[in-house]
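A look at the structure
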Amino acid sequence: MRFGIVMFPGSNCEQDCLHVLRDVLNQDAEYVWHQSSDVSGFDCLVLPGGFSYGDYLRTGAIARFSPVMKAVEKFAIGGGLVIGICNGFQILLEAGLLPGAMMRNVGLKFICRFVDIRVETVNTPWTRSCAGGGVLEIPIAHNEGNYQVPAGTLEEMKRRGQIVFRYCSPEGSAHPDFNPNGSIENIAGICNQEGNVLGMMPHPERASELELGSTDGLVIWRSILAHCGARA
Amino acid sequence: MAQARVYVTLKEGILDPQGKTVLRALHSLGFPEVEDLRIGKYMELKFTDSRKENLEERLSEMCERILANPVIENYRMEVED
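The structure reproduced in this document is the subject of the present report.

Here we take up helix H2 (residues 67–77) of chain A. An α-helical segment advances 3.6 residues per turn. Residues three or four places apart therefore align on the same side. Residue and element names in this part refer to chain A. Of all the residues in H2, the buried ones are Val-68, Met-69, Ala-71, Val-72, Phe-75 and Ala-76. For H2, the buried positions fall inside an angular range of 160° around the axis, keeping them on one side. Set apart from the buried face of H2 by more than 90 degrees, the exposed residues are Lys-70, Lys-74 and Ile-77. Following H2 by one or two positions, Gly-79 has its phi on the positive side, about 100°.

Laid out in structure tokens, this is it:
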């Protein structure tokens, strides 16, 4: 598979994504600069984490108008696979490719630690290899992960199976006690109606090698490979 | 020179973690009379003289497209010629 990792000024997780895709999963992966207007030839686009444009105004609010985003939007609307991780998720929200918005964490602290997330649906290209759902241990690192969405939209999303991950206990209870940031209904990741666009706050690229404490992030990458009929 | 002020505020019902924290700080400083506090953004814009037509309309568009996020925020603007 050929992955394009979209870099904005202030992205800082692009090297981790490139390393996992190339060196751990043996896929083709290359950077796409934010001024590029061409994303043809890629099977999947990754919007990595970081602090694009210094998080000025709102997280993702400026990056969303980068020249490359027109091409990303076209790619997504055409059914192309797009994953936004952390700041990438925030950019997809600002771009309107995913519903809702991000607020400051309820505790006003930047949170950087491993969390448990429950797989809410295996009927997406991103989770199809998560047999029987289950719980993944993947780190978060953010200041604005408090996901909010109007109640009516949330109900629609639930009905359509767009809630992909929820923060939970190690046993899989999505109780408010296990919500690190105040996100509505413990939501950690969502997809669009068609399922081809995913946004998630946890960083699967930081949990894809044993040396880093968890390999639970691999199942997300492997799901995409399986979806596209590629081999790791 | 035309100028404008834009106030971006959180919509009702959207929890404001920053506002809540500052409210608690006020209470602990001995200001229990403050019942609620919400934090927003204030922006000042100055315009070139060359393009004066449709100023309000264009400013609304700026607010809708980037200055505010309509999912969580409202905006109010004041234009001065």
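As a further point, take the packing of aromatic side chains. Residue and element names in this part refer to chain A. Across all of its chains, the model carries three aromatic pairs over all chains by this definition. Across from the ring centre of Phe-42, 4.5 Å away, lies the NZ or CZ of Arg-2, which sits over that ring. Between Arg-64 and the ring centre of Phe-65, over which it is positioned, the NZ or CZ distance is 4.3 Å.

Okay, the sheet that holds strand E10 (residues 187–191) of chain A next. Residue and element names in this part refer to chain A. With respect to topology, nine strands assemble into an open sheet ordered E2-E1-E3-E4-E11-E10-E9-E6-E7, the strand pairing being mixed. Where the open sheet ends on each side, the last strands, each with one partner, are strand E2 (28–33) and strand E7 (135–142). Taken over all neighbouring pairs, the strand axes of this sheet differ in orientation by 25° on average, direction set aside. Of the strand pairs in this sheet, strand E9 (residues 163–168) and E10 are connected by three bridges, and their pairing is antiparallel.

Now for the interface of chain B and chain A. Chain B puts 16 residues into the contact, and the matching count from chain A is 16 residues. Across the chain B/chain A interface, buried area totals approximately 1,300 Å², and carbon plus sulfur atoms make up 70% of it. When the area that chain B buries against chain A is broken down by residue, the three leading residues are Pro-17, Ile-66 and Val-71 of chain B, summing to 36%. One can count one salt bridge joining chain B with chain A. Put simply, Arg-58 of chain A and Glu-73 of chain B hold a salt bridge, and the shortest N to O gap is 3.7 Å. The interface formed by chain B and chain A includes four residue pairs in polar contact (both at pLDDT 80 or more). Across the side of chain B that touches chain A, the residue classes tally to ten nonpolar, three polar and three charged.

How each quantity is defined
Residues numbered from 1 in each chain as written. Chains lettered and ligands numbered in written order. Predicted model: local features only at pLDDT ≥ 70, side-chain atom pairs only at ≥ 80, totals over all residues. Heavy atoms only, no water. Buried < 20%, exposed > 50% of the residue type's maximum accessible area, 1.4 Å probe, protein only. Helix = DSSP H or I, 4+ residues; strand = E, 2+ residues; numbered from the N terminus. Arc of directions from axis to C-beta. Phe/Tyr/Trp six-rings, centres within 6.5 Å; stacked < 30°, edge-to-face > 60°. Lys NZ or Arg CZ within 6 Å of the ring centre and 35° of its normal. Pairing = 2+ DSSP bridges. Axes fitted to C-alpha atoms, helices over the stretch in contact; angles between N-to-C directions. Contact = heavy atoms within 4.5 Å. Buried area = accessible area lost by both parts, 1.4 Å probe. Salt bridge = Lys/Arg side-chain N within 4 Å of Asp/Glu carboxyl O. Polar contact = N/O pair within 3.5 Å; in protein donor to acceptor, adjacent residues only side chain to side chain. Nonpolar A, V, L, I, M, F, W, Y, C, P; charged D, E, K, R; others polar.

Shape is all these values report; function is a separate question.
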